Amino acid sequence: MPALSLGEDDAFDTSGLELPGWRHVYSGKVRDLYEPDLPAVGGVHPLGDVVLVVASDRVSAFDHVLSPGIPDKGVVLTQLSLWWFDQLADLVPNHVVSTAVSALPGDGLVPDVVAGRAMICRRLDMFPVECVARGYLTGSGLAEYRAGGAVCGVVLPEGLVDGSRLPEPVFTPATKAAVGEHDENVTFDAVAVQIGVEDASRLRDLTLAVYARAEAIARERGVILADTKLEFGVDRDTGETVLGDEVLTPDSSRFWPADQWEPGRSQPSFDKQFVRDWLASPASGWDRASDTTLPSLPADVVARTRARYLEAYERLTGSPLA
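Residues numbered from 1 in each chain as written. Predicted model: local features only at pLDDT ≥ 70, side-chain atom pairs only at ≥ 80, totals over all residues. Heavy atoms only, no water.

1. Considerations on the pairing of strand β15 (residues 223-235)
For step 1, the next point in the chain: Among the 13 residues of β15, 11 are classified as buried, and the element is accordingly described as predominantly covered.
For step 2, the next point in the chain: In this structure, strand β8 (residues 124-126) lies alongside β15, joined through 3 bridges in antiparallel fashion. Residue pairing for β15: Asp125 is matched across the bridge by Val234.
For step 3, the next point in the chain: The pairing of strand β9 (residues 129-136) with β15 spans 4 bridges and is antiparallel. The residue bridging Ala133 from the neighbouring strand is Thr228, located in β15. (Buried < 20%, exposed > 50% of the residue type's maximum accessible area, 1.4 Å probe, protein only. Helix = DSSP H or I, 4+ residues; strand = E, 2+ residues; numbered from the N terminus. Pairing = 2+ DSSP bridges.)

Next comes the structure, spelled out in structure tokens:
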């Protein structure tokens, strides 16, 4: 699996990457999306209506993509997602069809150059909502709570602080934002108006069920799952609600070391905390309120961030990244 660059110094660059049998159609903050590049006449992909999802090593903070990337980050995101999909298979179906690596160029499988960081997935009709479950109060939820005592319309007890465990996990959805823009927290009622009460209720129930399962698994491994963001879509053939995108990675979730949890302060986390902290510090020379060019990440910030991603994978799965 050549894309498993463990031990190398450079992040894997997917910009302008051409893959045999696949045509690039979209790039997000981290992932690149490819469609089958089929023959003009009678071409049908052997795996059906699918897309190739490739996780790059790009890293973003404050809704900006920074440079350089974090080596092996994309592999961690993909392999950890696959591990979690297995843990959740009895709760909700997922969009993964295959991770088999191509034996011949253009055979419709995962090209060798992106092996380990790519998944062939069913094409879904995605719900236009970020499904967030929170078991602890921090981030945008904390800011909203401080302003009005509630998060996404869910009233919370008085006296909570940064890092407080909530009486029970809550569903706090958000609208999906374009690259470079902020997601906006909304109420359950707002989601119900947008997609219907039945679908909104299903997404809430599935989100909370996934969080409960994952929170218990993480806790057994000495890790607190503070919150997580999920995305769901509808399978075009079966009509099922399917878990898509990535799941329970350090990019989509807040993982904290349980033995260092201390409400009332910002918690250490298994994610890009070093990147955010450095970018917000005077050392970066960057003004978040300005339109100035973002600075390059220092080598030590890149190395420490990479180590946190690898540690998250190892602590959660019980095995080092191969």
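Next comes the rest of the description.
2. Things to note about empty space enclosed by the protein
For step 1, the next point in the chain: Here the structure, examined in full by the defined rule, presents 1 cavity of 30 Å³ or more.
For step 2, the next point in the chain: Lining the largest cavity, in full, are Arg31, Val53, Val54, Ala55, Leu77, Thr78, Ser81, Arg117, Met119 and Glu246.
For step 3, the next point in the chain: Elements supplying a minimum of two residues to the lining of the largest cavity: β3 (50-55) and α1 (73-87).
For step 4, the next point in the chain: Within the lining of the largest cavity, the residues separate by chemical class into 5 nonpolar, 2 polar and 3 charged. (1 Å grid on protein atoms, 1.4 Å probe; cavity = no way out; pocket = protein on both sides within 12 Å on 5 of 7 lines; lining within 4 Å. Points joined across faces, edges and corners; volume = space filled by probe spheres on them. Nonpolar A, V, L, I, M, F, W, Y, C, P; charged D, E, K, R; others polar.)

3. Quick look at unusual backbone geometry
For step 1, the next point in the chain: Put simply, Ser67 and Pro68 share a cis peptide bond, and its omega is -5°.
For step 2, the next point in the chain: As for its placement among the helices and strands, Pro68 is situated in the loop between β5 (64-66) and α1.
For step 3, the next point in the chain: Of note, Asp72 is a non-glycine position whose phi angle comes to about 75°, a positive value.
For step 4, the next point in the chain: In this fold, Asp72 is placed in the loop between β5 and α1.
For step 5, the next point in the chain: Using a relative accessible area of 1% as the deciding quantity, one classes Asp72 as buried.
For step 6, the next point in the chain: For Cys152, which is not a glycine, the phi torsion comes out positive at approximately 55°.
For step 7, the next point in the chain: Along the polypeptide, Cys152 turns up in the loop between β10 (150-151) and β11 (154-155).
For step 8, the next point in the chain: Using a relative accessible area of 4% as the deciding quantity, one classes Cys152 as buried.

4. Describing the sheet that holds strand β1 (residues 22-27)
For step 1, the next point in the chain: Here 5 strands make up an open sheet; going across it, the order is β1-β2-β3-β7-β6 and the pairing antiparallel. The open sheet has two edge strands with one neighbour each: β1 and β6 (96-98). Neighbour to neighbour, the strand axes of the sheet diverge by 40° on average, direction disregarded.
For step 2, the next point in the chain: In this sheet, strand β7 (residues 118-122) lies alongside β6 in antiparallel orientation, the contact comprising 2 bridges. Along β7, the bridge assignment pairs Val96 with Cys121.
For step 3, the next point in the chain: The strands touched by α1 are β2 (31-36), β3, β6 and β7; relative to β7, the strand with the most contacts, the crossing angle is about 45°. (Axes fitted to C-alpha atoms, helices over the stretch in contact; angles between N-to-C directions. Contact = heavy atoms within 4.5 Å.)

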